Amino acid sequence: MKLVFPVLAAALTALPLWAQENVGPRLGAASSFGQTWDRRMLDAADRFGIHDLRDELYWKDIETGGQIAYPTIRHSYPALLAARGMTMTVIMNNGHPAFQGGVTPYTAEGVEAFARFSARMPQDFPAITSVEVGNEMNSDTFTSGPMRAADLAGRAAIYATLIEATYKAVKAADPQVRVLGGAAHSIPIAWFRALSDAGAAEWMDAVVIHPYTTPPEQLPRQIALLRQVPGFGALPIEATEFGDPIGATAAATLVKYYCAMAVSGVTRAVWYPLNSRGDGLEPLVGTDYALTDVGAAFTMLLARAEGVPVLDVSPDPFTYACAFGSDMVVIWGAPRDVEVDAGLTLLGPDGRETDRRTLSRDEPLIVSGDGVAVSPGENLRLGPQTVIADSYDQFDHDGAGDGFRPFARFTDGDAPFAFRPGQETGGVPWVPYLASARDGGIRMNAEFIVPTVAGAVGHRYVAEADGAVVLDISLAPDATTDGVVLSVLVNDAELARQVVTGGIDTRIGPFDMAADDELEILVASGASDAGDASSYRFTLSRAP
């Protein structure tokens, strides 16, 4: 069978100039020396080249009666970093009991004191090169007092006051110290719009996201939406937390995110955490002070990709690929054969050589030339693409992209979905999604669908050519009481119908479709829509 990679080869020379300016983000790690001092962990981080840290200093412990003192190593540890060539972003997030009882500062006095302390830390510790104002301030977890009680606009207004004062104080003390703002869990466009309306974007050197709820494949789409918010179009973006709770998949998660961040123009990627913190996320360095598999992936990217020019060289919507320089390509996607010539090596995400010769949606391959140019279509080739349409890979926030097109079906007809920004009200996702204008409870994005008793969620595909096809369906209701009803139709003739109460992975077909035939997949609620939110994926492929 002939192996081809034509689109990827063309992409290397046909990308727009702005895309060619991206480089591999600076890599950092979230440490916890401000909470639990561990000299051996600091030595391990230094030994492995993990030199960009994100950590905390606690205001209430350091400033007493207007005087600054560092009572223990947990407060003075940044003094040890500069000699090791390490830098640090300090998270300034906590209140002080001397001001409004320690809640998130909101009065003029409290805000001024917070800003003054934030500006002092880089002066006392030159290794501190960035001040990150707040941590996930769009959530309740790290806010308190009036800021927590406020609606989204009120919360953004308080945050804007806090970051403006901090920016001015930090820059007055040292213009070279960077101020990071936004402090967002997820990528909630409504939060960024509220920050924009409050004027907060003016007081940031970079905007911070923690994209825990955005899978790597969807990250470029959501960052593109963030770029459309006034004030955030040109700001550098830093992902100062992302991670994976599963050790077996963490290396793949890091490599995929790093590729997606790089091609999206993210300038810094901070893995959470450096060391085990008791919250279940996989660290870079284990309790034995050796690298974990994700730590090995981190050091590989540090050596091979950080600061290296990157291109998005994805050959089609079902394959994700980025080229770092001329001799390394990261690639994953719909399964098909991979063939490389002598001189190239295939590596797993941990940087170790692998004998796998097929693409995977879960685990990327790293094609390494180690000085030999990787030439897609020549010394790197892929087997033919059999996927025709995929609800996840081709998801579009305007609901009108290629492949499957979503719609809501009511008893009196169909209606399109409308864009929703994420976190615009209570009880909705914190990422951009689609909802029905007729029934806001009907929602969907690339990962989930939510039908109601009023209306079903549909996906429609119009065939472009004659041929036999197969349809793969993955559908898993969250906690349904009576199941969801799955229907598959071609030109209104029912091919399959099933009540789904637990997760299913099933294949329908092969069946024939002619050009302009319409395939519809409907997911409806039963008598009750309680628990009917469902994860899903629909993939249409040419029949084998």
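Everything below is about the structure shown above.
A quick note: this is a predicted structure, and the numbers were derived from the prediction, not measured. (Residues numbered from 1 in each chain as written. Predicted model: local features only at pLDDT ≥ 70, side-chain atom pairs only at ≥ 80, totals over all residues. Heavy atoms only, no water.)

**Q** What should I look at first to understand the sheet that holds strand S12 (residues 319-324) in this one?
**A** Backbone hydrogen bonds hold the strands of a sheet together, and the pairing may be parallel or antiparallel. The sheet built from five strands is open, its strands ordered S11-S12-S13-S16-S15 with antiparallel pairing. The open sheet has two free edges, formed respectively by strand S11 (310-312) and strand S15 (345-347), since each of these has just one partner strand. Taking the axes of each pair of neighbouring strands and ignoring which way they run, one obtains an average angle of 20 degrees across the sheet. (Pairing = 2+ DSSP bridges. Helix = DSSP H or I, 4+ residues; strand = E, 2+ residues; numbered from the N terminus. Axes fitted to C-alpha atoms, helices over the stretch in contact; angles between N-to-C directions.)

**Q** Please explain the environment of Thr87 as it appears in this structure.
**A** Relative to the helices and strands, Thr87 resides in strand S5 (residues 87-92). A sequence separation of 33 residues divides Thr87 from Arg54, and the C-alpha atoms of the two residues are 8.7 Å apart.

**Q** Please clarify how the packing of aromatic side chains should be interpreted in this entry.
**A** We describe a pair of aromatic rings using the distance from one ring centre to the other and the angle between the two ring planes. Scanning the model with the defined rule gives 16 aromatic pairs in all. Taking 5.7 Å as the distance between ring centres and 65 degrees as the angle between the ring planes, the aromatic pair formed by Tyr167 and Trp203 counts as edge-to-face. One end of the pair, Tyr167, is in helix H7 (residues 152-173); the other, Trp203, is in the loop between helix H8 (189-197) and strand S8 (206-210), with 36 residues separating them in the sequence. On the basis of relative accessibility, which here comes to 15%, the residue Trp203 falls in the buried class. Between Phe192 and Phe232, the ring centres sit 5.4 Å apart and the planes meet at 70 degrees, which makes this aromatic pair edge-to-face. With Phe192 in helix H8 and Phe232 in the loop between helix H9 (219-227) and strand S9 (237-242), this pair connects stretches of sequence that are 40 residues apart. Neither residue differs from the other here; Phe192 and Phe232 are each classed as buried. (Phe/Tyr/Trp six-rings, centres within 6.5 Å; stacked < 30°, edge-to-face > 60°. Buried < 20%, exposed > 50% of the residue type's maximum accessible area, 1.4 Å probe, protein only.)

**Q** Whenever I open this one, the sheet that holds strand S27 (residues 484-490) confuses me. Can you help?
**A** With antiparallel pairing, six strands are arranged side by side in an open sheet as S20-S19-S25-S30-S27-S28. Each edge of the open sheet is held by one strand with a lone partner, namely strand S20 (413-415) and strand S28 (493-500). Between one strand and the next, the sheet's axes are offset by a mean angle of 25 degrees, whatever the strand orientation. Across six bridges, the pairing between strand S25 (residues 456-462) and strand S30 (residues 518-525) is antiparallel.

**Q** Sorry, what's going on with the packing of helix H5 (residues 108-124) against H7 here?
**A** For any two helices packed against each other, one specifies the crossing angle of their axes together with the interaxial distance. Across the interface, H5 lies against H7 with an axial gap of 8 Å and an inter-helix angle of 35 degrees. Two packed elements cross with a definite hand, and for H5 against H7 that hand is right-handed. Residues Val111, Phe114, Ala115, Ser118, Ala119 and Gln123 of H5 pack against Thr161, Leu162, Ala165, Thr166, Ala169, Val170 and Ala173 of H7. Residue composition of the contact of H5 with H7, grouped by class: nine nonpolar, four polar and no charged. (Left-handed = near helix turned anticlockwise from the far one by under 90°. Contact = heavy atoms within 4.5 Å. Nonpolar A, V, L, I, M, F, W, Y, C, P; charged D, E, K, R; others polar.)

**Q** Teacher, can you tell me more about unusual backbone geometry here?
**A** When glycine is set aside, most residues are seen to have a negative phi, and most peptide bonds are trans. A cis amide bond links Tyr272 to the next residue, Pro273, at an omega of 0 degrees. With an omega of 10 degrees, the peptide bond between Gly509 and Pro510 qualifies as cis. Within the element layout of this structure, Pro510 appears in strand S29 (residues 504-513). One non-glycine residue with positive phi stands out, namely Asp370, at about 45 degrees. Looking at where Asp370 falls in the secondary structure, it is placed in the loop between strand S16 (365-368) and strand S17 (380-382). Its relative accessible area of 67% is what places Asp370 among the exposed residues. The residue Asp516 is not glycine, and still its phi comes out positive at about 75 degrees. Looking at the element boundaries, Asp516 is found in the loop between S29 and S30.

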